[in-house]
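Close look at the chain arrangement
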Amino acid sequence: MELTITQPDDWHLHLRDGSLLEAVLPDSAKHFGRAIVMPNLKPPITTTSAAVTYRGSILRAVPKNSNFTPLMTLYLTDMTTPDEIKLAKKSGLVYGVKLYPAGATTNSQDGVTDLLGNCFSVLKEMAEQNLPLLVHGEVTNSDIDIFDREKVFIESILEPLVQRLPQLKVVMEHITTADAVKFVESCKEGYVAATVTPQHLLLNRNALFQGGLQPHNYCLPVLKREIHRQAIVSAVTSGSKRFFLGTDSAPHERRKKESSCGCAGIYNSPVALSLYAKVFEEAGALDKLEAFTSFNGPDFYGLPRNKSKIKLRKASWKVPDYLSFPVGDIVPMFAGETLEWEALPC
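Parameters and conventions
Each chain carries its own residue numbering, running from 1 in the written order of its sequence. Where totals are concerned, whole chains, interfaces and linings use all residues; where local detail is concerned, this predicted model gives features only for residues with pLDDT of at least 70, and gives and counts side-chain atom pairs only at 80 or more. To obtain the side-chain values, all non-hydrogen atoms of the structure were used and water was disregarded. For helices the rule is a DSSP run of H or I covering at least 4 residues; for strands it is a run of E covering at least 2, with both sets numbered from the N terminus onward. Our radius of gyration is a C-alpha quantity, and the globule rule it is checked against amounts to 2.2 Å times the number of residues to the power 0.38. Relative accessibility decides the category of a residue: with a 1.4 Å probe and only protein chains considered, values under 20% of the type maximum give buried, values over 50% give exposed, and everything between is partly exposed. By definition in these notes, contact holds between two residues if any of their heavy atoms fall within 4.5 Å. Reported accessibility uses the Shrake-Rupley method at a 1.4 Å probe radius. Residues are deemed covered only where the shown protein chains occlude them. What the arc covers is the set of directions going from the helix axis to the C-beta atoms. Between any two strands, pairing holds if DSSP finds at least two bridges. Geometry is summarised by axes, namely lines fitted to C-alpha atoms with helices restricted to the contacting stretch, and by angles between N-to-C directions that run from 0 to 180 degrees. Centres within 6.5 Å are what make two rings of Phe, Tyr or Trp a pair, Trp counting through its six-membered ring; a difference in plane orientation under 30 degrees is then read as stacked, over 60 as edge-to-face, and the rest as tilted. Only buried residues count toward a nonpolar core. Its members are Ala, Val, Leu, Ile, Met, Phe, Trp, Tyr and Cys residues joined through side-chain atoms within 4.5 Å. By definition in this entry, angles of less than 35 degrees are roughly parallel, angles greater than 145 are roughly antiparallel, angles of 65 to 115 are roughly perpendicular, and the rest are oblique. Left-handed describes a crossing whose near helix is turned anticlockwise from the far helix through less than a right angle; right-handed describes the clockwise counterpart. Residue polarity follows a fixed list, in which Ala, Val, Leu, Ile, Met, Phe, Trp, Tyr, Cys and Pro are nonpolar, Asp, Glu, Lys and Arg are charged, and the others, Gly among them, are polar. Charged residues are defined here as Lys and Arg on the positive side and Asp and Glu on the negative side; His and the ends of the chain fall outside this count. Within this document, salt bridges are pairs made up of a side-chain nitrogen of Lys or Arg and a carboxyl oxygen of Asp or Glu, the two lying within 4 Å of each other.

Considering the overall build of the protein
Within the protein one finds 12 helices and 13 strands. Here the C-alpha atoms of the protein give a radius of gyration of 19 Å, agreeing with the 20 Å that 2.2 N^0.38 yields for 346 residues. With respect to the three principal axes, the spread of C-alpha positions in the protein is 50 × 45 × 45 Å. Across the 346 residues in the protein, those meeting the buried criterion constitute 56%. Residue pairs at least 24 apart in sequence account for 73% of intrachain contacts in the protein once pairs closer than 6 positions are excluded. Working note: accessible area of the protein is about 14200 Å², and carbon and sulfur atoms make up 48% of it.

Quick notes on the environment of Lys307
Along the chain, Lys307 turns up in the loop between α12 (289–301) and β10 (309–318). Note: C-alpha distance between Lys307 and Gln7 (300 residues apart in sequence) is 7.3 Å.

Topic: the environment of Glu128
Positionally, Glu128 belongs in helix α5 (residues 120–129). For the pair formed by Glu128 and Ser294, sequence separation is 166 residues and the distance between their alpha carbons is 27 Å.

As for helix α7 (residues 178–186)
For α7, the complete set of buried residues consists of Ala180, Val181, Phe183 and Val184. The buried residues of α7 occupy an angular sector of 165 degrees when the element is viewed end-on, so they sit on one face. The exposed set on the far side of α7, more than 90 degrees from its buried face, consists of Lys182 and Ser186. Residues of α7 that are buried in the fold lie against α6 (149–164), β7 (170–172), β8 (192–196), α9 (226–236) and β9 (243–245).

Focus: the sheet that holds strand β5 (residues 94–99)
On the basis of which strands lie adjacent, the open sheet formed by eight strands has the order β2-β3-β4-β5-β6-β7-β8-β9 and parallel pairing. Unpaired on one side and paired on the other, β2 (10–13) and β9 mark the two borders of the sheet. Across the sheet, the mean angle from the axis of one strand to that of its neighbour is 30 degrees, orientation sign disregarded.

Some thoughts on the packing of α7 against α9
At a minimum axis distance of 8 Å, the contact between α7 and α9 shows a crossing angle of 30 degrees. Contact residues: α7 offers Ala178, Asp179, Val181 and Glu185, while α9 offers His228, Ala231, Ile232 and Ala235.

A word on the packing of aromatic side chains
All chains considered together, the criterion is met by eight aromatic pairs. Ring plane angle 15 degrees and centroid distance 4.7 Å describe the contact between Trp11 and Tyr301, whose orientation is recorded as stacked. Here Tyr301 lies in helix α12 and Trp11 lies in strand β2, a separation of 290 residues in the sequence. The same class applies to Trp11 and to Tyr301, which are both buried.

Overview of the nonpolar core
If you look at the biggest cluster of nonpolar residues, it comprises 97 residues, and the most contacted ones within it are Leu15 and Leu161. Setting aside its immediate chain neighbours within four residues, Leu15 contacts Leu20, Leu21, Val24, Leu25, Val37, Tyr54, Ile58 and Phe68. Leu71, Tyr75, Ala193 and Leu303 belong to the second largest nonpolar core, which has 13 residues in total.

Here's the deal with helix α11 (residues 272–282)
With respect to burial, α11 is a largely interior element, eight of its 11 residues being buried. Looking one or two residues beyond α11, the residue adopting positive phi is Gly284, at roughly 65 degrees.

A few points about the packing of helix α3 (residues 82–91) against α5
Closest axis-to-axis distance for the α3/α5 pair is 8 Å, and the angle between their directions is 25 degrees. Accordingly, the angle class assigned to the pair α3 and α5 is roughly parallel. Crossing hand, α3 versus α5: right-handed. Contacts between α3 and α5 involve Pro82, Ile85, Lys86 and Lys89 from the first element and Ser121, Val122, Glu125, Met126 and Gln129 from the second. Partitioned by chemical class, the residues of the contact of α3 with α5 number four nonpolar, two polar and three charged.

Quick look at unusual backbone geometry
Residue Lys42 is joined to Pro43 through a cis peptide bond whose omega torsion reads -5 degrees. Among the secondary structure elements, Pro43 is positioned in the loop between β3 (34–37) and α2 (48–61). We note that Phe334 has phi near 60 degrees; this positive angle belongs to a residue other than glycine.

Side note on the side chain of Glu138
Within the secondary structure, Glu138 is located in the loop between β6 (133–135) and α6. Look at Glu138: it is buried, it has no salt bridge, and the nearest opposite charge is Lys224 at 4.6 Å. Once residues within four sequence positions are removed from consideration, Glu138 is found in contact with Pro101, Ala104, Ile146, Arg149, Glu150, Phe153, Pro221 and Val222.

As structure tokens, then:
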């Protein structure tokens, strides 16, 4: 069996910088036409000028004969100004502003402490400029159980935000719960959408502990109960336009994952399309795969769909146990396992 689909885009990708950027970018450029690039570097990409500079670094690392295009984002802080939003839109290179609640995930210490209190004028300007807010949807209060933080974020922050600024486009990134599915489906279509990762479609929280602690299955937001995984699969394979591909591929060197305080993040770029195909096939929904991977994202962002095509072939192949780079070894998602779908280079 072979499927030919419009070349997908990745609407949530971590490329890092320096030697790590050079190591991992080819795995994304091999299959994806464009990617929304996350801004949580050290220091974070908080200005349009920094985004332009980072974009240049990415383009220099793009392999020859690749059409990969990075779509840049800004890192929202309590100090971001409406004028910076105007600059970002005017640049034509910035496609969203990323909300990291302070302390929520990797390199989020500079994030927002009070979204509606400190950033409302910026959010109003984003709505005016049609620049989406890309949300890491978790509260960071230590009194809230880590498995409930997405639900509480929706109730305490997202619902009030959508009510106060219904014209603001919002992407709830890497959703993990039935609560998030319900929230997205309850909002006006075309204004609130969600990205979905391979790991949250295929794994539940048991995968963190089977056979011992599994650091390469640790990501944030953390994996949830099976009932939530099933709800996300149902939403994604239903054909709804509100959900689209966002891998949240987040590379870390093996030694930083397998440590006394392992980093959060799953490196899935080499296997993402194979895993999405697996999910849709198991749901009997291969006919809906192309819309999820290739149509819903650009339609939401108001961008043209890609013209190129890519092939997915039903053929068994084994995921390497690890990938070796000058910067160090990286363990990919489903390392050592055999997958049934193979994505051919574009």
